[in-house]
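# Observations on chain architecture
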Amino acid sequence: MTGTALAVELEGVRFSYGGGPVVLDIPSLRLEAGTRTFLHGPSGSGKTTLLGILAGVLRADSGSVRVLGEDLTSMSGPRRDAFRARHIGYVFQMFNLIPYLSVMENIVLPVRMHATRRRRMREATPRAEAHRLASALEIDHALDASVGALSVGQQQRVAACRALIGSPELIIADEPTSSLDHDRRDAFLDLLLEACEGAGSTLVFVSHDRTLASHFQQEVSLADANRAGAAAARAVPKGDGRTTDTASVGAGGPD
Amino acid sequence: MLVLDLALKSLRNRLLVTSLTVGSIALSVALLLGVEKTRTGMRESFSNTISQTDLIVGPKSGTIQLLLYSVFGMGSPTQNISWEAYEHWASHPAVDWTIPYALGDSHRGFRVIGTDENFYEHYRYRGGQSIELAEGEPALGVHDVAIGSQVAEELGYGIGDEIAVTHGMGGFIQHDEAPFRISGILAPTFTPVDRAIYVTMEGVEAMHEGWEDGVPPASAMSFGGGPPGAEEDPGEAGVVPDDPEHAGESPEEHAAHAHEPTQVTAFFVGATNRRDVLSLQRDISEWSEEPVMAVLPGLALSEMWDGLGYAEEGLRLVGIFVVIVGLLGMLVSLYTSLDARRREMAILRAVGAGPVRILSLLVLESALLATLGAILGVAVVYGGLSLAQPWVESEFGLYLPVAGLAPVEYAYLGAVILAGFLIGFVPALKAYRTALHDGLAVRV
């Protein structure tokens, strides 16, 4: 661990799928530990790719990717998988749950995947921990329901519980509210932010919907950060793109 | 353990497809094992047609010919052995017992075999079972006859019925002067014994009396203006008054009157000591007095079976192909399920599962399906076997023992499970590549 307390530190990261066009070209991106960041990314801006790299599922072609102080680019695939299991919670846009597992089983999956997550639980057992998180996210009444019986909003809360169990340092949420209506979206967001704060986790929340940005401490525009996706990003009306001192985007030289 | 739990729950979630897949593998495994069980049952049944007989002795001819007419009741001998030769070997010190067989006569298509009390005492089949009587007594008197169970069933005979005997198989000449009375019905053996009729050696002589020149005495002919009895009472053909030559004698006196046997067709030998069997066989076959030969029934039977064995290879091949088809069905169902499961794979990746774990999940599912199929297949075979056993035994005379799995059957099951494991790599490697390439994005 370095002393800078950066949760995410990208330098000169480039990525392409299987030798295709470069979809990600980020000269610099830094996010401080413990912050909750709104990452604005319209579709086509490479956000899912970026999240894949942050989660260690994808490996950058070049540049350095440091997450929680560790250099993912120098890790082997299995080590990145283990790293993700230990330190990262992930929420998808939709269809977050494995259909053949119960709600409870879905929530405790990360704890079973890696012992570190189990050690970091606040409660003694995974079930108790799941109950604690489920009541925090107001979904505890559905723990015994089958996954298929849940509404989309309920599914997203269950997914949030799974991401939060065992208090991972970094929570990545990829448009988790895009399939929710306005009221449910705000309610979900508040619960998620609260839970992250309670767990002390760094949150990286990606969305194309800038109206959500007001819920967060800081906002980063992926269109600015990613030169490869800039063309697509510029088509979308830009806001002020404020950048606080806890996040920095280096646009790099025009080279 | 997590992967096993996931695999089991995933299979349970696709219950219909899982049961169909397991069912088709089970049926194919059951077919393969069933063929194997039937095959070994047939071989067992065949080589146990006769047991505990050390040697079969007959006139010099082919081994298979001797087996066919002495054990299987098929074909006809061309020569006989003299009674003197029989007595010579029967009294040999290395010989414990002998069962004489005199063939050549029939009754309504069933073979008539002349033998003696040793048949009831020493004849063994299927691992040492002896001849039992379902009803009545062994045929020990000159006019006594004991019939096999199938003879009794097909002809509807009972104890005390009188029957006539024809010379040769399906011939015309009836030994009407020597009617026989059924004294006993043998219990089913599911061997050719069931289709034979047993009389005494003396009984055979009695019906051949006056036949020394090869034709019956004119007075005994039952066809073309035969004795008045046959014409007067056609409804009771074969039920004829006493042998005119011996009219007035009691049966005992008649028997004692010595219809001395003059010939046997073959005889079975039990040796005093099994170690002497080979030298006894050599002595008999090299005997200079008369051209006779002795064969080891076990060896001869297995040689004969090997000659017939090409058919069983075909059956086995069909069984193996059916199993391959069953496993391919599993491959298809797993492979086509992959697209629908990409989301599930991405979720597993997100919570920290490596591509190897994704791969092992799918391989495990495939191996589990094959294992469940194999286990269920074994259950189907044994269930079917215990249900069908009595029917197969009575219908085909084939005894299928409900025994444990033979090593080759374990090998088949192992091969099915191994094949299921290996086949699992086909969808698993595709999922592995997808997991590596797609990352967390699901491109549909």
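Residues numbered from 1 in each chain as written. Chains lettered and ligands numbered in written order. Predicted model: local features only at pLDDT ≥ 70, side-chain atom pairs only at ≥ 80, totals over all residues.

On to the overall build of chain A. Looking only at helices and strands, chain A features 9 helices and 10 strands. The burial tally for chain A puts 48% of its 255 residues in the buried class. Contacts in chain A between residues at least 24 apart in sequence constitute 75% of all its contacts with a sequence separation of at least 6. (Helix = DSSP H or I, 4+ residues; strand = E, 2+ residues; numbered from the N terminus. Buried ≥ 20, exposed ≤ 12 C-beta atoms within 10 Å, placed from the backbone. Contact = placed C-beta atoms within 7 Å.)

The next subject is the overall build of chain B. When helices and strands are counted, chain B shows 16 helices and 15 strands. Look at the contacts in chain B between residues 6 or more apart in sequence, and 80% of them connect residues 24 or more apart.

All names here are of chain B. When pLDDT is averaged across chain B, the result is 82; 84% of the residues are at 70 or more. The secondary-structure element of chain B with the lowest mean pLDDT is helix 8 (residues 228-232), recorded at 38, while strand 14 (residues 266-271) shows the highest, at 94. Confidence drops under a pLDDT of 50 for residues 218-257, and excluding neighbours within four residues, the segment shows 42 contacts in the predicted structure. The ipTM for the predicted assembly is 0.83, set against a pTM of 0.71. (pLDDT = per-residue confidence, 0-100.)

The subject of this paragraph is the sheet that holds strand 8 (residues 202-207) of chain A. Residue and element names in this part refer to chain A. Pairing within the open sheet is parallel, and its 5 strands lie in the order 6-7-8-3-9. Each edge of the open sheet is held by one strand with a lone partner, namely strand 6 (88-91) and strand 9 (218-221). Averaged over all pairs of adjacent strands, the angle between their axes in this sheet comes to 20°, without regard to strand direction. (Pairing = 2+ DSSP bridges. Axes fitted to C-alpha atoms, helices over the stretch in contact; angles between N-to-C directions.)

Here we come to the nonpolar core. C161 and I172 of chain A together with I358 and A370 of chain B are the most contacted members of the largest nonpolar core, which totals 119 residues. A total of 14 residues in this core trace back to one element, the largest contributor, which is helix 14 (residues 355-396) of chain B. Once residues lying within four places of it in the same chain are set aside, the contact partners of A370 of chain B are I25, L327, M330, V416, I417, A419, G420 and F421 of chain B. Counting 61 residues, the second largest nonpolar core, distinct from the first, contains I113, F180, A271 and L301 of chain B. (Core = buried A, V, L, I, M, F, W, Y, C linked by C-beta atoms within 7 Å.)

Before going further, it helps to spend a moment on the interface of chain A and chain B. Listed as interface residues are 25 residues of chain A and, on the opposing side, 19 residues of chain B. Every element with two or more residues in the side of chain A that touches chain B is listed here: helix 1 (47-54), helix 2 (77-87) and helix 3 (103-113) of chain A. In terms of residue count, the dominant contributor to the side of chain A that touches chain B is helix 2 of chain A (6 residues). For the side of chain A that touches chain B, the residue count by class is 16 nonpolar, 6 polar and 3 charged. (Nonpolar A, V, L, I, M, F, W, Y, C, P; charged D, E, K, R; others polar.)

Moving on: the packing of helix 3 of chain A against helix 6 (residues 152-164) of chain A. Residues and elements named next belong to chain A. Two elements in contact, helix 3 and helix 6, have axes separated by 6 Å at closest approach and are oriented at 30°. Viewed along their axes, helix 3 and helix 6 adopt a mutual orientation that is roughly parallel. The chirality of how helix 3 crosses helix 6 is right-handed. Contacts between helix 3 and helix 6 involve V103, N106, I107, L109 and P110 from the first element and V158, C161 and R162 from the second. Class assignment of the residues belonging to the contact of helix 3 with helix 6 gives a composition of 6 nonpolar, 1 polar and 1 charged. (Parallel < 35°, antiparallel > 145°, perpendicular 65-115°, else oblique. Left-handed = near helix turned anticlockwise from the far one by under 90°.)

This part takes up helix 12 (residues 310-340) of chain B. Residues and elements named next belong to chain B. Relative to the 45 Å expected for 31 residues at 1.5 Å per residue, helix 12 spans 47 Å between its end C-alpha atoms, a close match to the ideal helical length. Among all positions of helix 12, only G319, V323, G326, L327, M330 and L334 are buried. Where helix 12 is buried, its residues meet helix 2 (15-47), helix 14, helix 15 (407-423) and helix 16 (425-438). (Expected span 1.5 Å × (residues − 1).)

Residues and elements named next belong to chain A. Where strand 1 (residues 6-16) meets strand 2 (residues 22-32), 9 bridges bridge the pair, whose relative direction is antiparallel. Residue pairing across strands places L6 opposite E32, the latter belonging to strand 2. Connecting strand 1 to the next strand, strand 2, in antiparallel fashion are 5 residues, including G18 with a positive phi near 55°.

Before going further, it helps to spend a moment on the confidence of the model for chain A. Residue and element names in this part refer to chain A. On average, chain A scores 81 in pLDDT, and the residues at 70 or more come to 88%. Throughout residues 231-245 the model reports pLDDT below 50, and contacts reaching past four residues in sequence, or to other chains, amount to 18 contacts. Scored below 50 in pLDDT, residues 251-255 makes 5 contacts in the model with residues more than four places away or belonging to other chains.

Attention now moves to the environment of R80 of chain A. Residue and element names in this part refer to chain A. Counting through the fold element by element, R80 comes out in helix 2. Judged by the 23 C-beta atoms lying within 10 Å of it, R80 is buried. When the C-alpha positions of R80 and G56 are compared, they lie 5.3 Å apart, and in sequence the two are 24 residues distant. Residue contacts for R80: discarding those within four places in its chain leaves G56, L72 and M75.

On to the environment of A271 of chain B. Residues and elements named next belong to chain B. As for its placement among the helices and strands, A271 is situated in strand 14. Linking A271 and W97, residues 174 residues apart in sequence, is a C-alpha distance of 7.0 Å. Look past the residues within four positions of A271 in its chain and what remains in contact with it is D54, A94, V95, D96, D276, V277 and L280.

With that settled, consider unusual backbone geometry. Although it is not a glycine, L68 of chain A sits at a positive phi angle of roughly 55°. With respect to the helices, strands and loops of the structure, L68 of chain A is situated in the loop between strand 4 (62-67) and strand 5 (70-71). You will see that F190 of chain B, though not glycine, has its phi angle at about 60°, which is positive. Examined against the element boundaries, F190 of chain B turns out to sit in the loop between strand 11 (180-186) and strand 12 (196-200).

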